[in-house]
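Analysis of the macromolecular model
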Amino acid sequence: GAGVSQSPSNKVTEKGKDVELRCDPISGHTALYWYRQSLGQGLEFLIYFQGNSAPDKSGLPSDRFSAERTGGSVSTLTIQRTQQEDSAVYLCASSFQQGSGLAFFGQGTRLTVV
Amino acid sequence: GDSVTQMEGPVTLSEEAFLTINCTYTATGYPSLFWYVQYPGEGLQLLLKATKADDKGSNKGFEATYRKETTSFHLEKGSVQVSDSAVYFCALSDFGNEKLTFGTGTRLTIIP
(Lines give C-alpha, C1' and ligand atoms only; values in the text may rest on other atoms or scores of the structure.)
Protein backbone atom coordinates (compact mmCIF):
# COMPACT_ATOMS: atom_id res chain seq x y z
CA GLY A 1 0.00 0.00 0.00
CA ALA A 2 0.92 3.65 -0.20
CA GLY A 3 1.30 4.23 3.52
CA VAL A 4 1.87 2.48 6.81
CA SER A 5 -1.14 0.37 7.63
CA GLN A 6 -2.10 -0.71 11.14
CA SER A 7 -4.78 -3.09 12.27
CA PRO A 8 -7.10 -3.14 14.01
CA SER A 9 -7.82 0.57 14.22
CA ASN A 10 -9.63 0.05 17.51
CA LYS A 11 -9.42 -2.77 20.02
CA VAL A 12 -11.32 -3.20 23.25
CA THR A 13 -10.15 -6.07 25.44
CA GLU A 14 -10.73 -7.36 28.92
CA LYS A 15 -8.06 -7.03 31.55
CA GLY A 16 -5.84 -10.10 31.57
CA LYS A 17 -6.35 -11.01 27.91
CA ASP A 18 -3.58 -11.01 25.31
CA VAL A 19 -3.72 -8.73 22.26
CA GLU A 20 -1.83 -8.56 18.99
CA LEU A 21 -1.40 -5.38 17.02
CA ARG A 22 -0.25 -5.48 13.41
CA CYS A 23 1.78 -3.09 11.31
CA ASP A 24 2.38 -3.19 7.56
CA PRO A 25 5.16 -0.75 6.74
CA ILE A 26 5.74 1.01 3.44
CA SER A 27 7.25 -1.41 0.96
CA GLY A 28 11.03 -1.22 0.95
CA HIS A 29 11.36 0.52 4.28
CA THR A 30 13.91 -1.39 6.31
CA ALA A 31 13.44 0.45 9.60
CA LEU A 32 10.28 0.01 11.66
CA TYR A 33 9.33 1.59 14.98
CA TRP A 34 6.60 1.18 17.57
CA TYR A 35 5.53 4.08 19.76
CA ARG A 36 2.80 4.48 22.36
CA GLN A 37 0.72 7.59 22.97
CA SER A 38 -1.10 7.68 26.27
CA LEU A 39 -3.69 10.30 27.19
CA GLY A 40 -1.92 13.57 27.95
CA GLN A 41 1.49 12.10 27.19
CA GLY A 42 3.83 12.49 24.30
CA LEU A 43 4.82 9.64 22.06
CA GLU A 44 6.81 7.05 23.97
CA PHE A 45 9.31 4.91 22.04
CA LEU A 46 8.85 1.17 22.46
CA ILE A 47 11.05 -0.73 20.00
CA TYR A 48 13.00 -0.34 16.76
CA PHE A 49 13.59 -2.92 14.04
CA GLN A 50 16.21 -2.89 11.33
CA GLY A 51 15.19 -5.67 9.00
CA ASN A 52 14.04 -8.50 11.23
CA SER A 53 16.38 -7.62 14.09
CA ALA A 54 15.51 -5.39 17.03
CA PRO A 55 18.68 -3.57 18.08
CA ASP A 56 16.78 -1.30 20.46
CA LYS A 57 14.05 -2.70 22.70
CA SER A 58 14.73 -0.24 25.48
CA GLY A 59 11.26 1.28 25.48
CA LEU A 60 9.27 -1.89 26.11
CA PRO A 61 7.68 -1.16 29.52
CA SER A 62 7.60 -4.73 30.84
CA ASP A 63 8.14 -8.34 29.84
CA ARG A 64 4.43 -8.52 28.97
CA PHE A 65 5.31 -6.60 25.82
CA SER A 66 7.03 -8.25 22.87
CA ALA A 67 7.33 -7.62 19.16
CA GLU A 68 8.54 -9.42 16.11
CA ARG A 69 9.06 -8.67 12.47
CA THR A 70 9.11 -11.21 9.69
CA GLY A 71 10.39 -11.04 6.12
CA GLY A 72 11.65 -7.54 6.78
CA SER A 73 8.07 -6.38 6.47
CA VAL A 74 5.07 -6.99 8.74
CA SER A 75 5.49 -6.48 12.47
CA THR A 76 3.34 -7.65 15.35
CA LEU A 77 3.30 -6.09 18.82
CA THR A 78 1.95 -8.47 21.44
CA ILE A 79 0.78 -7.47 24.90
CA GLN A 80 0.17 -10.34 27.28
CA ARG A 81 -2.11 -10.20 30.31
CA THR A 82 -3.24 -6.68 29.48
CA GLN A 83 -3.65 -4.13 32.24
CA GLN A 84 -5.70 -0.93 32.28
CA GLU A 85 -2.54 1.17 32.13
CA ASP A 86 -1.83 -0.40 28.72
CA SER A 87 -4.72 1.61 27.28
CA ALA A 88 -3.22 3.95 24.70
CA VAL A 89 -2.82 4.56 20.99
CA TYR A 90 -0.08 2.36 19.57
CA LEU A 91 1.66 3.89 16.58
CA CYS A 92 3.85 2.19 14.03
CA ALA A 93 6.27 4.03 11.77
CA SER A 94 8.67 3.03 9.04
CA SER A 95 11.66 4.68 7.42
CA PHE A 96 13.78 4.08 4.36
CA GLN A 97 16.76 6.00 5.65
CA GLN A 98 18.49 4.67 8.72
CA GLY A 99 19.39 7.33 11.24
CA SER A 100 17.52 10.12 9.44
CA GLY A 101 14.68 10.57 11.90
CA LEU A 102 12.36 10.71 8.89
CA ALA A 103 9.55 8.37 9.82
CA PHE A 104 6.22 7.69 8.14
CA PHE A 105 3.51 6.91 10.66
CA GLY A 106 0.38 4.82 10.51
CA GLN A 107 -2.87 6.02 12.00
CA GLY A 108 -2.47 3.86 15.03
CA THR A 109 -4.39 1.26 16.98
CA ARG A 110 -6.44 2.59 19.88
CA LEU A 111 -6.33 -0.03 22.62
CA THR A 112 -8.79 0.11 25.49
CA VAL A 113 -8.45 -2.33 28.35
CA VAL A 114 -11.63 -2.66 30.42
CA GLY B 1 18.78 11.20 28.70
CA ASP B 2 17.24 13.05 25.80
CA SER B 3 14.07 15.07 26.33
CA VAL B 4 11.87 17.58 24.56
CA THR B 5 9.75 20.21 26.26
CA GLN B 6 7.14 22.05 24.28
CA MET B 7 4.59 24.71 24.91
CA GLU B 8 1.52 23.60 26.78
CA GLY B 9 -1.71 23.70 24.85
CA PRO B 10 -4.29 23.99 23.69
CA VAL B 11 -3.67 27.11 21.64
CA THR B 12 -6.53 28.93 19.94
CA LEU B 13 -5.89 31.70 17.43
CA SER B 14 -7.86 33.68 14.91
CA GLU B 15 -7.19 33.20 11.23
CA GLU B 16 -4.22 35.26 9.95
CA ALA B 17 -2.70 35.56 13.43
CA PHE B 18 0.99 34.98 14.08
CA LEU B 19 1.88 31.62 15.59
CA THR B 20 4.73 30.58 17.84
CA ILE B 21 4.95 27.18 19.52
CA ASN B 22 7.97 26.94 21.78
CA CYS B 23 10.19 23.89 21.92
CA THR B 24 13.37 23.30 23.90
CA TYR B 25 15.43 20.16 24.13
CA THR B 26 18.05 18.32 26.12
CA ALA B 27 20.35 15.91 24.33
CA THR B 28 23.59 14.14 25.12
CA GLY B 29 24.88 14.45 21.58
CA TYR B 30 24.24 16.67 18.58
CA PRO B 31 20.66 15.92 17.57
CA SER B 32 18.57 16.49 14.49
CA LEU B 33 15.36 18.36 15.25
CA PHE B 34 11.89 17.89 13.80
CA TRP B 35 8.36 19.16 13.89
CA TYR B 36 5.69 16.57 13.18
CA VAL B 37 2.00 17.37 12.67
CA GLN B 38 -1.12 15.29 13.15
CA TYR B 39 -4.17 16.58 11.32
CA PRO B 40 -7.60 15.38 12.49
CA GLY B 41 -8.18 11.77 11.47
CA GLU B 42 -4.71 11.37 9.96
CA GLY B 43 -1.39 9.86 10.98
CA LEU B 44 1.62 11.85 12.14
CA GLN B 45 3.57 13.40 9.32
CA LEU B 46 6.82 15.27 9.10
CA LEU B 47 6.36 19.04 8.80
CA LEU B 48 9.97 20.22 8.78
CA LYS B 49 13.43 19.39 10.06
CA ALA B 50 16.89 20.82 10.75
CA THR B 51 20.07 18.84 11.19
CA LYS B 52 22.63 21.36 12.42
CA ALA B 53 22.95 24.62 14.29
CA ASP B 54 21.47 27.70 12.59
CA ASP B 55 19.69 25.57 9.98
CA LYS B 56 16.17 26.74 9.23
CA GLY B 57 13.55 24.16 8.34
CA SER B 58 10.52 25.37 6.43
CA ASN B 59 7.37 23.93 4.88
CA LYS B 60 3.80 25.11 4.21
CA GLY B 61 4.66 28.59 5.54
CA PHE B 62 5.98 27.20 8.84
CA GLU B 63 9.57 27.81 9.92
CA ALA B 64 11.83 26.72 12.76
CA THR B 65 15.48 27.57 13.37
CA TYR B 66 17.90 25.24 15.18
CA ARG B 67 19.35 27.33 18.00
CA LYS B 68 22.13 25.43 19.72
CA GLU B 69 22.97 28.21 22.15
CA THR B 70 19.44 28.21 23.57
CA THR B 71 18.71 24.52 22.78
CA SER B 72 15.51 25.59 21.08
CA PHE B 73 13.55 24.88 17.90
CA HIS B 74 10.49 27.12 18.05
CA LEU B 75 7.83 26.74 15.36
CA GLU B 76 6.52 29.92 13.72
CA LYS B 77 4.05 30.91 11.04
CA GLY B 78 3.25 34.45 10.03
CA SER B 79 -0.42 34.00 9.12
CA VAL B 80 -2.27 30.88 10.18
CA GLN B 81 -5.23 29.34 8.38
CA VAL B 82 -8.13 27.23 9.58
CA SER B 83 -6.52 24.27 7.80
CA ASP B 84 -3.52 24.53 10.16
CA SER B 85 -5.65 23.23 13.02
CA ALA B 86 -3.83 20.12 14.22
CA VAL B 87 -1.60 18.73 16.95
CA TYR B 88 2.06 19.70 16.59
CA PHE B 89 4.91 17.63 18.04
CA CYS B 90 8.50 18.71 18.47
CA ALA B 91 10.99 15.84 18.31
CA LEU B 92 14.68 15.04 18.24
CA SER B 93 16.85 12.23 16.98
CA ASP B 94 20.22 12.01 18.62
CA PHE B 95 23.23 10.97 16.58
CA GLY B 96 23.64 7.22 16.53
CA ASN B 97 20.25 6.70 18.11
CA GLU B 98 17.48 5.53 15.83
CA LYS B 99 14.51 6.54 17.91
CA LEU B 100 12.67 9.85 17.92
CA THR B 101 12.10 11.54 21.28
CA PHE B 102 8.88 13.57 21.22
CA GLY B 103 7.39 16.38 23.21
CA THR B 104 3.86 16.05 24.54
CA GLY B 105 2.26 17.84 21.60
CA THR B 106 0.43 21.16 21.27
CA ARG B 107 -3.13 21.23 19.99
CA LEU B 108 -3.70 24.24 17.75
CA THR B 109 -7.17 25.45 16.79
CA ILE B 110 -7.65 28.27 14.30
CA ILE B 111 -11.01 30.00 14.27
CA PRO B 112 -12.30 31.89 11.22
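Described below are features of the structure shown in this document.

Let us now look at the overall build of chain A. Counting its regular elements, chain A contains 0 helices and 11 strands. When the elements of chain A are put in sequence order from the N terminus, they spell out β-β-β-β-β-β-β-β-β-β-β. The C-alpha radius of gyration of chain A comes to 13 Å, within 12% of the 13 Å expected for a compact globule of 114 residues. For chain A, the spread of C-alpha atoms along the principal axes amounts to about 40 × 25 × 25 Å. For chain A, with 114 residues in total, the buried portion stands at 49%. A fraction of 52% describes how many contacts in chain A between residues 6 or more apart in sequence connect residues 24 or more apart. Just so you have it, chain A exposes about 5400 Å², and 44% of that area is on carbon and sulfur atoms. Between the averaged position of the 10 positive side-chain charges in chain A and that of its 10 negative side-chain charges there is a distance of 2 Å.

It is worth spelling out the packing of aromatic side chains at this point. Inspection of the entire model under this criterion finds 14 aromatic pairs over all chains. Arranged with centres 6.4 Å apart and planes meeting at 40°, the rings of Phe-96 of chain A and Phe-104 of chain A form a pair that is tilted. What makes Phe-96 of chain A partly exposed here is its relative accessible area of 49%. Classification of Phe-104 of chain A as partly exposed rests on a relative accessible area of 39%. Three or more aromatic residues joined by ring pairs make a cluster, and in this case those are Tyr-33, Tyr-35, Phe-45, Tyr-48 and Phe-105 of chain A together with Phe-34, Tyr-36, Phe-89 and Phe-102 of chain B. Over the face of the ring belonging to Tyr-30 of chain B we find Lys-68 of chain B, whose NZ or CZ atom lies 5.3 Å from the ring centre.

Our focus in this paragraph is the sheet that holds strand E7 (residues 65–69) of chain A. Residues and elements named next belong to chain A. Read from one edge of the open sheet, 4 strands run E1-E3-E8-E7, paired in antiparallel fashion. Strand pairing shows two members of the sheet lacking a second neighbour, strand E1 (5–7) and E7, which therefore form its edges. Put simply, the sheet's adjacent strands are angled 15° from each other on average, direction ignored.

What follows concerns the pattern of salt bridges. What the rule picks out here adds up to 8 salt bridges over all chains. The closest approach of N and O atoms between Asp-24 of chain A and Arg-22 of chain A, which form a salt bridge, is 2.9 Å. For Arg-22 of chain A, a relative accessible area of 37% gives the class partly exposed. Ionic pairing is found between Lys-52 of chain B and Asp-55 of chain B, a salt bridge with its closest N-O pair at 3.4 Å. Judged by its relative accessible area of 48%, Lys-52 of chain B is partly exposed.

Each partner contributes residues to the interface: chain B has 18 residues there, and chain A has 21 residues. Three residues, Leu-44, Glu-98 and Lys-99 of chain B, lead the burial of chain B against chain A; their summed loss comes to 39% of the area buried on that side. Inspection of the region where chain B meets chain A yields 0 salt bridges. Put simply, chain B and chain A have 2 residue pairs in polar contact (both at pLDDT 80 or more) between them. Ranked by residue count, the leading element in the side of chain B that touches chain A is strand E5 (residues 32–38) of chain B, at 3 residues.

All names here are of chain A. Summed over the entire model, instances satisfying the criterion amount to 2 disulfides over all chains. The partner cysteine of Cys-23 in its disulfide is Cys-92, sulfur to sulfur 1.9 Å. Judged by the sign of its S-S torsion, about -65°, the bond between Cys-23 and Cys-92 is left-handed. Highlighted residues: Cys-23 in strand E3 (residues 19–24) and Cys-92 in strand E9 (residues 88–95), separated in sequence by 69 residues.

Cut-off values and rules
Residues numbered from 1 in each chain as written. Chains lettered and ligands numbered in written order. Predicted model: local features only at pLDDT ≥ 70, side-chain atom pairs only at ≥ 80, totals over all residues. Heavy atoms only, no water. Helix = DSSP H or I, 4+ residues; strand = E, 2+ residues; numbered from the N terminus. Rg over C-alpha atoms; globule rule 2.2 N^0.38 Å. Buried < 20%, exposed > 50% of the residue type's maximum accessible area, 1.4 Å probe, protein only. Contact = heavy atoms within 4.5 Å. Areas by Shrake-Rupley, 256 points an atom, 1.4 Å probe, with all protein chains shown as cover. Lys, Arg positive; Asp, Glu negative; His and termini not counted. Charge placed at Lys NZ, Arg CZ, Asp CG, Glu CD. Phe/Tyr/Trp six-rings, centres within 6.5 Å; stacked < 30°, edge-to-face > 60°. Lys NZ or Arg CZ within 6 Å of the ring centre and 35° of its normal. Pairing = 2+ DSSP bridges. Axes fitted to C-alpha atoms, helices over the stretch in contact; angles between N-to-C directions. Salt bridge = Lys/Arg side-chain N within 4 Å of Asp/Glu carboxyl O. Buried area = accessible area lost by both parts, 1.4 Å probe. Polar contact = N/O pair within 3.5 Å; in protein donor to acceptor, adjacent residues only side chain to side chain. Disulfide = S-S within 2.5 Å.

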